[in-house]
Amino acid sequence: MKRRNFILSCIAGVGSIALAPLKSWALEKKEIVALDDTTAKALGYAHDATKVDIVKFPKRAGEAGKTQFCNNCSFAQGEPQVIEGKEGKWMGCTLFPNKVVAEKGWCNTWTAKPAK
Ligand code: SF4
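Keep in mind that this is a model prediction, so the values were computed, not measured.

Novice: Residue-level account of the site of the ligand, with values.
Specialist: Taken together, Tyr45, Cys70, Cys73, Phe75, Ala76, Cys93, Leu95, Phe96, Val101, Cys107 and Trp110 make up the full set of residues adjacent to the ligand. Per-class residue counts for the shell around the ligand are eleven nonpolar, no polar and no charged.

Novice: Explain the packing of aromatic side chains residue by residue, including any values.
Specialist: This structure, assessed with the given rule, holds two aromatic pairs. With a centroid separation of 6.2 Å and 70 degrees between ring planes, the pair formed by Phe57 and Trp106 is classed as edge-to-face. Placement of the pair is Phe57 in the loop between α2 (38-42) and α3 (62-65) and Trp106 in the segment after β4 (99-102), with a sequence separation of 49 residues. Looking at Phe57, the relative accessible area reads 11%, which means it is buried.

Novice: Outline the pairing of β4, listing residues and values.
Specialist: Sheet topology places strand β1 (residues 31-32) next to β4; two bridges connect them, and they run parallel. If you follow Ile32 over to β4, its bridge partner there is Val100. Across three bridges, the pairing between strand β3 (residues 89-93) and β4 is antiparallel. The partner of Trp90 across the bridge, within β4, is Ala102. Counting the residues that bridge the hairpin from β3 to β4 gives five residues, and of these Asn98 lies at a positive phi of roughly 65 degrees.

Novice: Got a sec to walk through the pattern of salt bridges? Specific residues and values, please.
Specialist: Applying the stated criterion to the full structure yields three salt bridges. Between Lys99 and Asp37 there is a salt bridge; the shortest N-O distance is 3.4 Å. Of this pair, Lys99 sits in strand β4 while Asp37 sits in the loop between β1 and α2, placing them 62 residues apart in sequence. Overall, the relative accessible area of 22% leaves Lys99 in the partly exposed class. Residue Asp37 is classed as buried on the basis of its relative accessible area, which comes to 18%. Between Lys66 and Glu63 there is a salt bridge; the shortest N-O distance is 3.2 Å. Owing to a relative accessible area of 61%, Glu63 belongs among the exposed residues under this scheme.

Calculation criteria
- Residues numbered from 1 in each chain as written.
- Predicted model: local features only at pLDDT ≥ 70, side-chain atom pairs only at ≥ 80, totals over all residues.
- Heavy atoms only, no water.
- Near = heavy atom within 4 Å.
- Nonpolar A, V, L, I, M, F, W, Y, C, P; charged D, E, K, R; others polar.
- Phe/Tyr/Trp six-rings, centres within 6.5 Å; stacked < 30°, edge-to-face > 60°.
- Helix = DSSP H or I, 4+ residues; strand = E, 2+ residues; numbered from the N terminus.
- Buried < 20%, exposed > 50% of the residue type's maximum accessible area, 1.4 Å probe, protein only.
- Pairing = 2+ DSSP bridges.
- Salt bridge = Lys/Arg side-chain N within 4 Å of Asp/Glu carboxyl O.

Taken by themselves, the reported measurements are silent on function.
This is the structure:
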């Protein structure tokens, strides 16, 4: 490995280690979307997508509906992360700024993430 590449890898490595707790801290500072939040209620948001009322929100019915979760929605932000003291993993969503949604959650705005 050339000296320049070695130095760059060291900087990148130290940077990721240093930023990891910061990223986690940022997520922990965010509030979990409340189920009685006006927007959440209007969109039928549930922390557990399997509990969505499919009569009211038929989009999540059927075999295709069963595959819809926040973690594969195009509005999700970042990778799901554990938040200390909270069960499951959580992630950002552009519909709920400064809040987090459950990776296994769902709402009626769900849109498939574009294939990579
Ligand atoms: S828009 Fe997508 S990521 Fe956000 S709550 Fe709805 S299903 Fe989850």
